[in-house]
Amino acid sequence: MNQAKYLPMALLLTACAALLLSACGAATGGDPASASAPRAYVAIARGQVAVEGGLLQVRAAVPGLVRAVSVATNAKVAAGQTLVQLDDGAARIAVQLARADLAQAHAQQAMLAAGEPAAALRAQRLAAAVAADAASGQELAEARAALGEIKARAQAAAAAVQAAQARLAAARHQLALYTVHAPVAGYVARRLVQVGARVSPDDAQPLLELLPERPLIVRAELNEAYADKVYPGMRAEVVLDAGGGRSYAAHVLRLGLTYGAVRLGPQHDQPDDARDLECVLQLDAPGLRVGQRVRVQFLPQTARAGAE
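Computed from a prediction, not measured in an experiment: that's the story for all the values here.

(A) Main features of unusual backbone geometry. Positive phi, normally seen in glycine, also occurs at Asn74, with a value near 80 degrees. Considering the arrangement of structural elements, one finds Asn74 in the loop between strand E3 (64-69) and strand E4 (76-77). The exposure class assigned to Asn74 is exposed, which follows from its relative accessible area of 62%.

Spelled out as structure tokens, the structure:
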């Protein structure tokens, strides 16, 4: 009798337990055993976040004194934007002198051009007079010689104008070198110069370091044992070494053609003289910074793209 009494209560507890287990399974998205199973990877490699082509070191093209710096660290700049202005006083004077030389050359050319028609007309009239025995041949020869001299001087004046134009263009080009422009659009990663500093193209330190506005990439060092398992277009996870396990989606852009020395340090199971293959990956979304150390985990796929 007692067993019959408590049987409904036991059935009720069993049903409640079953409902709780079912709810837990739904909340975790499926079978708990499959959720806790470790994910398999085709290969794992060390890497570093970079930008295609690397950071650009902006240097002065001519020696000079820094008169103004137009940007600060982290500033976004457009291609061609002024970054640094050097003292260009002497270069401006050179442009003024070259412009004056060109004006003088043009004036000389204009004077000779104005005198040539008159000299040609005089030689023509003297030729007619000689034919009519109204003038001597000596006068005609002198008139023709004068005309020839004017034409020769006019050619020299035209050449002088071209030379003056070239000197003016060179002076303007030299003047433009005192203004440092952004070669591409991007961000000022570091500003390394101050107003009043004297700089030179031979300086070891650049004026600025510019991060080009291009998609970030990851340069991974792929062990020889895994090189044949990785191919362009393959999906991968990029995990920050110091990011608490945060991962970012990426795909393989290209593989190196040759093996090279390990730059990021050998793996724990690699010899000190290990040779790895460079693998470049494209990050699918922002969130990382240039220079961060990462771990690249290459995901398995059922078939390669284009293999069919």
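(B) Structural view of the side chain of Glu237. Looking at where Glu237 falls in the secondary structure, it is placed in strand E11 (residues 235-240). The buried category is assigned to Glu237, whose relative accessible area is 14%. In terms of polar contacts, Glu237 uses its side chain to reach the side chain of Tyr41, at 3.2 Å.

(C) Structural view of the pattern of salt bridges. The final tally for this structure, using the stated rule, is eight salt bridges. Note that Glu213 and Lys76 form a salt bridge whose closest N and O atoms lie 3.3 Å from each other. Separated by 137 residues along the polypeptide, Glu213 in the loop between strand E9 (208-212) and strand E10 (216-223) and Lys76 in strand E4 bring together distant segments of the chain. One network of salt bridges, in which partners are shared, links Glu52, Arg219, Arg254 and Glu278.

(D) Representation of the sheet that holds E9 in the model. Sheet architecture is open: four strands sit in the order E2-E9-E7-E4, paired in antiparallel fashion. This sheet does not close on itself; its edge strands, each paired only once, are strand E2 (56-58) and E4. Across three bridges, the pairing between E2 and E9 is antiparallel. The residue of E9 that forms the bridge with Gln57 is Glu209.

(E) Molecular detail of the nonpolar core. Membership of the largest hydrophobic core comes to 29 residues, with the highest contact counts inside it found for Leu83, Val84, Leu86, Leu207 and Leu208. Elements that contribute at least two residues to this core include exactly E3, strand E5 (82-86), helix H3 (89-131), helix H4 (137-176) and E9. Not counting the four nearest positions on each side in its chain, Leu86 is found in contact with Ala60, Val62, Gly64, Leu65, Val66, Arg67, Tyr178 and Val199. Within the second largest apolar cluster, 26 residues are counted, among which are Ala45, Tyr231, Val238 and Leu281.

(F) Quick look at the environment of Gln301. With respect to the secondary-structure elements, Gln301 resides in the segment after strand E14 (293-298). In this structure Gln301 comes out as partly exposed when scored by relative accessible area, which is 36%. Each C-alpha atom of the pair Gln301 and Met234 lies 7.8 Å from the other, and the pair is 67 residues apart in sequence. Other than its neighbours up to four places away in sequence, Gln301 contacts Tyr231, Gly233, Met234 and Arg235.

(G) Representation of the side chain of Glu221 within the structure. Mapped onto the fold, Glu221 is located in strand E10. When its relative accessible area of 7% is taken as the criterion, Glu221 is described as buried. With residues up to four places along the chain from it excluded, the contact list for Glu221 reads Ala45, Arg46, Ala261, Val262, Arg263, Leu264, Asp276 and Leu277.

(H) Focus on H4. Along its 40 residues, H4 runs 59 Å from first to last C-alpha, staying within 8% of the 58 Å computed at 1.5 Å per residue. For H4, the set of buried residues is Leu140, Ala143, Leu147, Ile150, Ala154, Ala157, Val161, Ala164, Leu168, Ala171 and Leu175.

(I) Fine view of the environment of Gly256. If you trace the backbone, Gly256 turns up in strand E12 (residues 247-261). Judged by its relative accessible area of 27%, Gly256 is partly exposed. When near neighbours in sequence (up to four residues on either side) are disregarded, Gly256 contacts Leu277 and Glu278.

(J) A look at the sheet that holds E14. In space, the six strands of this closed barrel follow the order E1-E10-E13-E12-E11-E14, with antiparallel pairing throughout. Neighbouring strand axes in the sheet, compared pairwise and without regard to direction, differ in orientation by 40 degrees on average. Both E11 and E12 contribute to a ladder of five bridges, which runs antiparallel. Residue pairing for E12: Glu237 is matched across the bridge by Ala249.

(K) Geometry of the pairing of E12. Looking at chain direction, E12 and strand E13 (residues 275-283) are connected through eight bridges and run antiparallel. In the strand pairing of E13, Val252 is matched with Leu281.

(L) Spotlight on the pairing of E11. In terms of residue burial, E11 counts as a mostly covered element, since five of its six residues are buried. As judged from the five bridges shared by E11 and E14, these two strands associate in the antiparallel manner. When the bridges of E14 are listed, Ala236 appears paired with Phe298.

Rules and cut-offs
Residues numbered from 1 in each chain as written. Predicted model: local features only at pLDDT ≥ 70, side-chain atom pairs only at ≥ 80, totals over all residues. Heavy atoms only, no water. Helix = DSSP H or I, 4+ residues; strand = E, 2+ residues; numbered from the N terminus. Buried < 20%, exposed > 50% of the residue type's maximum accessible area, 1.4 Å probe, protein only. Polar contact = N/O pair within 3.5 Å; in protein donor to acceptor, adjacent residues only side chain to side chain. Salt bridge = Lys/Arg side-chain N within 4 Å of Asp/Glu carboxyl O. Pairing = 2+ DSSP bridges. Core = buried A, V, L, I, M, F, W, Y, C linked by side-chain atoms within 4.5 Å. Contact = heavy atoms within 4.5 Å. Expected span 1.5 Å × (residues − 1). Axes fitted to C-alpha atoms, helices over the stretch in contact; angles between N-to-C directions.

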